[in-house]
Amino acid sequence: MELADDIESLKGVGPKKAQQLHGLGIFRLFDLLTHFPRAYEDQSRITPIGQLQAGEDAVVTGVIAGVQEKRAGRRGMLILTALVSDGTGFLQLTWFNQKFLKQKLKTGRRVFAAGRTAYAYGGQGQLAMNRITSFEIIDDDEAAPEAKCGILPVYSAAENIRQGFLRSLTEQLLRLADEGRLEVPEVMPESLRRQYGLLPRLQALRSIHYPESLQLADEARYSLAFEELYLIQYGLLLLKKRTQEQRQGIGFGVNGRLTEQALSGLPFRLTGDQQKVWRDICRDMERAVPMRRLVQGDVGSGKTVIAMLALVKAVESGFQGALMAPTEILARQHFESFCGFLAPLGIRVDLLSGRLTKKQKQELYDRLAAHEVDIVIGTHALIQQEVAFANLGLVVTDEQHRFGISQRAVLERKGRLVPDVLVMTATPIPRTLTLTVYGDLEVSTIRQLPPGRRPVRTFVRGRERRELIYKFVLEEIKKGRQAYVVCPLIEMNGDSGLTSAQEVYDELTGGIFYGIHCGLVHGRLKQKEKEELMQRFYEGEVRLLVATTVIEVGVNVPNASIMVVENAQRFGLAQLHQLRGRVGRGEYASYCIFVAEESTETARKRMAVLESTADGFVLAEEDLKLRGPGQFFGSMQHGLPDLKIADVGQDIDILLKARRAAMEAVESGEGMAEVLAALQLQYREQFFNITEN
């Protein structure tokens, strides 16, 4: 048997169970083996029932002294209760809606149970175990319960997939591996395993599922987290090495008259950071090795200008350029600004838009193929099969994390030669996360903001100030300005207590903003509806826009001078900073007001940081400290695989060691076949452009 085999190849897994396992992301034997425990249940000590206290986790064994069945509630919920004694006392075991147990619970049978104790409802001090995590009926010919105890895994499960079933499957899988009937190949070279103190792979897998001690579980976790991060780093570093060594790049000419005209025609002088990044890009483009560079810079730091200059440089050498933006309205905005600046230089810019008719699209495809277009701007429509270039030289992707590695690779393949790639992101990322998210790219950073950019005055206020806040917003709108209001939810969600966009829209349009043209935009709208509404806001027709975070990467509206974020404590600092960047883009004084319930010390610290700094890089580091890496791996990692056991916030030291180990291995070539096989098994199409030869 092999790890790539279907989960149905295990005993006890038929089509119905397989379908249920699919809901947990388990399709193959490999998926089950790497469905790691989320916690452990220590059953290594049995507590006498007479010594139990309410509110503790415990393991007990005893004999059923009596069984009771009753139904409760409108729907007639089945409640089964067994009274168990071990000679030192009695404990009530309770199950809800578990009909299958009815035939098994017989007076006189010995049982084994683990769970949380509490006082029984109406039981006059009787102890009960209502949250039973493990339960077995022990037959007379079985080993004594003490021999069955140990540290058991607790998995992420589902209503129809129980812990016992998952445990039986992982036990079966590990037994097959121990017997040599399932192949579990090593991934790490033995020399690296020794150097970094890693367990052999099968031993680590056995110890993560069924550890003999919690210390051994920690050792197994370290080994498997190291291996997981090593694989990703190896893949990214190998991609980078192959791009540099095996793929012929273009080697653009030095800056000539056209590029110098574009540079001198800018209405401002480049900042020191912009100049440095521009030099990095020129050096990369003039080499015959394909450029792979990420430019990260805060909102408004001037990344787009640098991208435009790079595209001009490509055009000057006789090549075409493509800029891929995450939304059509942003693509249109880039198109309008590029046209205004580049048309006088004789550079032909076009837009691939979803609004084009079929005939108009075909005409654009023909112009691209005939090199009658120098620079094309669009969304992911640029990677469609019909799009072909005469001589593609440079690919720019805006907000790279919205596309992912595989989509970027499709666009790269549209060139006759291997085009240079420039990636832009306005979401600052801490250095350690950059290694994981953008490990195949060189990184340039723009920290300085252009002179003259107005700072956004930021305030954190409680909900009791909402009426005053919206009066202030109304005053700004009456002055001719526009405003955003951002909410975490589209509609009310049970007892969450959060303010929804629909609720706020209804409240504002029916109250203080009655008669003012307002709009509501959220993720459930069709793309066309979203784009049209954003366009009307951009053109000034809509004065107040109530939205969810769909506007986080949005359109540049210089007239929008104020933003209110409801329930701001529910967002990450990086996300709030992105939202704040939607205002302050024009000549007017701008304001951002975060309405927050600072219920915890962490929430207070986070909000205080927002008020005290506008530096996105400082905020990104603080967010990592205060909230962990989820904020980044929720959005940044699009196109990269989910981590199964490693946690980049917790495992930064492991990440750095794994990267060092991967660099050694890629350089020496040791263990490459094993790593490529593991990448293909683990990540499949997500890393197809790495594992290809």
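A brief look at the structure comes next.

The rules behind each value
Residues numbered from 1 in each chain as written. Predicted model: local features only at pLDDT ≥ 70, side-chain atom pairs only at ≥ 80, totals over all residues. Heavy atoms only, no water. Helix = DSSP H or I, 4+ residues; strand = E, 2+ residues; numbered from the N terminus. Buried < 20%, exposed > 50% of the residue type's maximum accessible area, 1.4 Å probe, protein only. Contact = heavy atoms within 4.5 Å. Areas by Shrake-Rupley, 256 points an atom, 1.4 Å probe, with all protein chains shown as cover. Expected span 1.5 Å × (residues − 1). Arc of directions from axis to C-beta. 1 Å grid on protein atoms, 1.4 Å probe; cavity = no way out; pocket = protein on both sides within 12 Å on 5 of 7 lines; lining within 4 Å. Points joined across faces, edges and corners; volume = space filled by probe spheres on them. Nonpolar A, V, L, I, M, F, W, Y, C, P; charged D, E, K, R; others polar. Core = buried A, V, L, I, M, F, W, Y, C linked by side-chain atoms within 4.5 Å. Pairing = 2+ DSSP bridges. Axes fitted to C-alpha atoms, helices over the stretch in contact; angles between N-to-C directions. Parallel < 35°, antiparallel > 145°, perpendicular 65-115°, else oblique. Left-handed = near helix turned anticlockwise from the far one by under 90°. Phe/Tyr/Trp six-rings, centres within 6.5 Å; stacked < 30°, edge-to-face > 60°. Salt bridge = Lys/Arg side-chain N within 4 Å of Asp/Glu carboxyl O.

Some points on the overall build of the protein
Across its full length, the protein carries 24 helices and 20 strands. Each of the 693 residues in the protein was classed as buried or not, and the buried ones make up 54%. The long-range share in the protein, meaning contacts at least 24 apart out of those at least 6 apart in sequence, stands at 74%. Element-wise, carbon and sulfur atoms account for 48% of the exposed surface of the protein, whose accessible area totals about 31000 Å².

Examining helix H15 (residues 466-478)
Side chains three or four residues apart in an α-helix point the same way, a direct result of the helix having 3.6 residues per turn. With 13 residues, H15 extends 18 Å between its outermost C-alpha atoms, agreeing within 8% with the 18 Å of an ideal straight helix rising 1.5 Å per residue. Turning to H15, its buried residues are Arg466, Ile469, Tyr470, Val473, Leu474, Glu476 and Ile477. Seen end-on, H15 carries its buried residues on one side only, within an arc spanning 160°. Of the residues in H15, the exposed ones pointing more than 90 degrees away from the buried face are Glu467, Leu468 and Lys478. Elements that come into contact with the buried residues of H15 comprise strand E15 (456-461), strand E16 (482-486), helix H16 (501-509), strand E18 (544-547), strand E19 (560-565) and strand E20 (590-595). Backbone geometry just after H15 places Gly480 at a positive phi near 105°.

A look at empty space enclosed by the protein
If a probe the size of a water molecule is rolled over the atoms, the empty space left behind becomes visible. Per the counting criterion, the structure on display carries three cavities of 30 Å³ or more. Approximately 130 Å³ is the volume attributed to the largest cavity. Considering the residues around the largest cavity, the lining is formed by 14 residues, among which Thr34, Phe36, Leu224, Glu227 and Gln682 are closest to the centre. Split by residue class, the lining of the largest cavity holds eight nonpolar, two polar and four charged. Reported here for the second largest cavity is a volume of approximately 70 Å³. Every residue lining the second largest cavity is listed: Glu186, Val187, Met188, Arg193, Leu198, Leu199, Pro200, Arg201, Ala204, Ser223, Leu224 and Glu227. At the level of elements, helix H6 (201-209) and helix H7 (214-246) are the ones that each hand at least two residues to the lining of the second largest cavity. Broken down by element, the residue count for the lining of the second largest cavity peaks at three residues, all from H7.

Some details on the nonpolar core
Membership of the largest hydrophobic core comes to 61 residues, with the highest contact counts inside it found for Ile7, Leu10, Leu21, Phe226 and Tyr230. Where this core is concerned, the elements lending two or more residues are helix H1 (15-22), helix H2 (29-33), helix H4 (163-178), helix H5 (190-196), H6, H7, helix H22 (652-668) and helix H23 (672-683). For this core, the element with the highest residue contribution is H7, accounting for twelve residues. By size, the runner-up hydrophobic cluster in this structure holds 42 residues, among which are Leu309, Leu323, Leu351 and Ile377.

Some remarks on unusual backbone geometry
Phi at His371 is positive, roughly 60°, even though this residue is not glycine. Locating His371 in the fold gives a position in the loop between helix H12 (358-369) and strand E11 (375-378). Here His371 falls in the partly exposed class, since its relative accessible area comes to 23%.

Things to note about the sheet that holds strand E13 (residues 420-425)
Strand order in the open sheet formed by seven strands is E10-E11-E9-E12-E13-E8-E14, and the pairing between neighbours is parallel. The outermost strands of the open sheet, each flanked by one partner alone, are strand E10 (349-352) and strand E14 (442-446). Here the strands of the sheet are splayed against their neighbours by 20° on average, with no regard to which way each runs. Lying over the sheet, helix H9 (residues 272-286) contacts strand E8 (292-297), strand E12 (392-398), E13 and E14, oriented at roughly 155° with respect to E14. Helix H11 (residues 328-342) contacts strand E9 (320-324), E10, E11 and E12 of the sheet and is inclined by roughly 170° relative to E10.

Some thoughts on the packing of H9 against helix H10 (residues 303-316)
Interaxial distance between H9 and H10 falls to 10 Å at its minimum, and their mutual angle equals 30°. Classified by the angle their axes make, H9 and H10 are roughly parallel. Between H9 and H10 the crossing geometry is right-handed. On H10, the residues touching Gln274, Val277, Trp278, Ile281, Cys282, Met285 and Glu286 of H9 are Ile306, Leu309, Ala310, Lys313 and Ala314. Partitioned by chemical class, the residues of the contact of H9 with H10 number nine nonpolar, one polar and two charged.

Quick look at the packing of aromatic side chains
The full count for this structure, using the stated rule, is seven aromatic pairs. Taking 5.1 Å as the distance between ring centres and 45° as the angle between the ring planes, the aromatic pair formed by Tyr196 and Phe226 counts as tilted. Here Tyr196, found in helix H5, pairs with Phe226, found in helix H7; they are 30 residues apart in sequence, far enough to count as distant. Aromatic side chains Phe252 and Phe319 sit 5.2 Å apart centroid to centroid with 70° between the ring planes, which places their arrangement in the edge-to-face category. Residue Phe252 is found in the loop between H7 and helix H8 (257-264), and its partner Phe319 is found in the loop between H10 and E9; the two are separated by 67 residues along the sequence. Summarising the burial analysis for this pair, Phe252 and Phe319 share the class buried. Ring-pair connections join several aromatic residues into one group, and the members of that group are Tyr196, Tyr222 and Phe226.

A few points about the pattern of salt bridges
By the definition in use, this model includes 23 salt bridges. Its salt-bridge partner being Asp280, residue Lys276 comes within 3.5 Å of it at the nearest N-O pair. With Lys276 and Asp280 both in helix H9 and four residues apart, this pair spans about one turn of that helix. Overall, Lys276 belongs to the partly exposed group, its relative accessible area being 46%.

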